[in-house]
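Now for the letters of each chain:
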Amino acid sequence: MPTTPYLLLLALVAAERIAELVTARRNAVRSLARGAREYGRGHYPAMVALHAALLAGCALEAPYRPFLPVLGWTALGLAVAAQGLRWWCVATLGPRWNTRVLVVPGLPLVTGGPYRWLRHPNYVAVVAEGLALPLVHSAWLTATAFTVLNALLLRVRITCEDRALATCGGVGTPDAHAAAAGPGIPRTSGLPGVAP
């Protein structure tokens, strides 16, 4: 995959991120109207900046890296699978999905879809994509930097979501990206009951 198609792929991912933000904003308005309380406001700008830096790092590093077919096509498959998982989380949580951690009082925990098997499926998608997307074009520095910084940020984020859930007696989903509660994020993207 020469650099130009890779840059097109990054543009498509950027467009997807914009779609996520539009969806999250719409869902946040609904959640806040239902009395949602937001948690983790302080780390949210760092999360947004890190995800933007991932795309910028990929675009800046790729011209200096070769496309290695076995690595590149495998990484592309993983990146596409990560998008599928992310949107499965969004679809499962519906209007509860958000990138912020919002707790809506009285909502039950989401236990369907990917939440049946994983506590934080959206963050699994984020981790996979953060590693795979740069490696599509051998951007190993970006993959490494994002993976390390994202691990630090996810420690903060998941702790925040777990505390948010504890305040509402376990109501919600443990992955702010997954439930609109809670995206990220953000169970990258939500907490059912919690809107990330």
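All values reported here derive from a predicted model rather than from experimental measurement.

Thresholds applied
Residues numbered from 1 in each chain as written. Predicted model: local features only at pLDDT ≥ 70, side-chain atom pairs only at ≥ 80, totals over all residues. Heavy atoms only, no water. Helix = DSSP H or I, 4+ residues; strand = E, 2+ residues; numbered from the N terminus. Buried < 20%, exposed > 50% of the residue type's maximum accessible area, 1.4 Å probe, protein only. Areas by Shrake-Rupley, 256 points an atom, 1.4 Å probe, with all protein chains shown as cover. Expected span 1.5 Å × (residues − 1). Contact = heavy atoms within 4.5 Å. Phe/Tyr/Trp six-rings, centres within 6.5 Å; stacked < 30°, edge-to-face > 60°.

When helices and strands are tallied, the protein chain shows 5 helices and 3 strands. Put simply, the protein chain runs from its N terminus to its C terminus through helices and strands in the order α-β-α-α-β-α-α-β. Looking at the protein chain as a whole, 53% of its 196 residues are labelled buried. Taken as a whole, the protein chain presents about 8600 Å² of accessible surface, with 72% of it coming from carbon and sulfur.

Between its first and last C-alpha atoms helix α3 (residues 69–93) spans 36 Å; for 25 residues at 1.5 Å apiece the expected length is 36 Å, and the two agree. Along α3, the residues that are buried comprise G72, A75, L76, A79, A82, Q83, L85, R86, C89, V90 and L93. Turning to α3, the residues buried within the fold contact α1 (3–33) and α4 (121–135). Just downstream of α3, G94 is the residue with a positive phi angle, here 55°.

Attention shifts here to the environment of L141. Residue placement: L141 occurs in helix α5 (residues 140–167). Taking the relative accessible area as the measure of exposure, L141 reaches 45% and is therefore partly exposed.

Turning to the packing of aromatic side chains, a few remarks are in order. Tallied over the full model, the rule gives 2 aromatic pairs. On the basis of an interplanar angle of 85° and a centroid distance of 5.5 Å, the ring pair of F67 and W73 is categorised as edge-to-face. Centroid distance W88 to W117: 6.1 Å. Interplanar angle 45°. Geometry classified as tilted. With W88 in helix α3 and W117 in the loop between β2 (101–103) and α4, this residue pair connects regions lying 29 residues apart in the sequence. We classify W117 as exposed; its relative accessible area is 60%.

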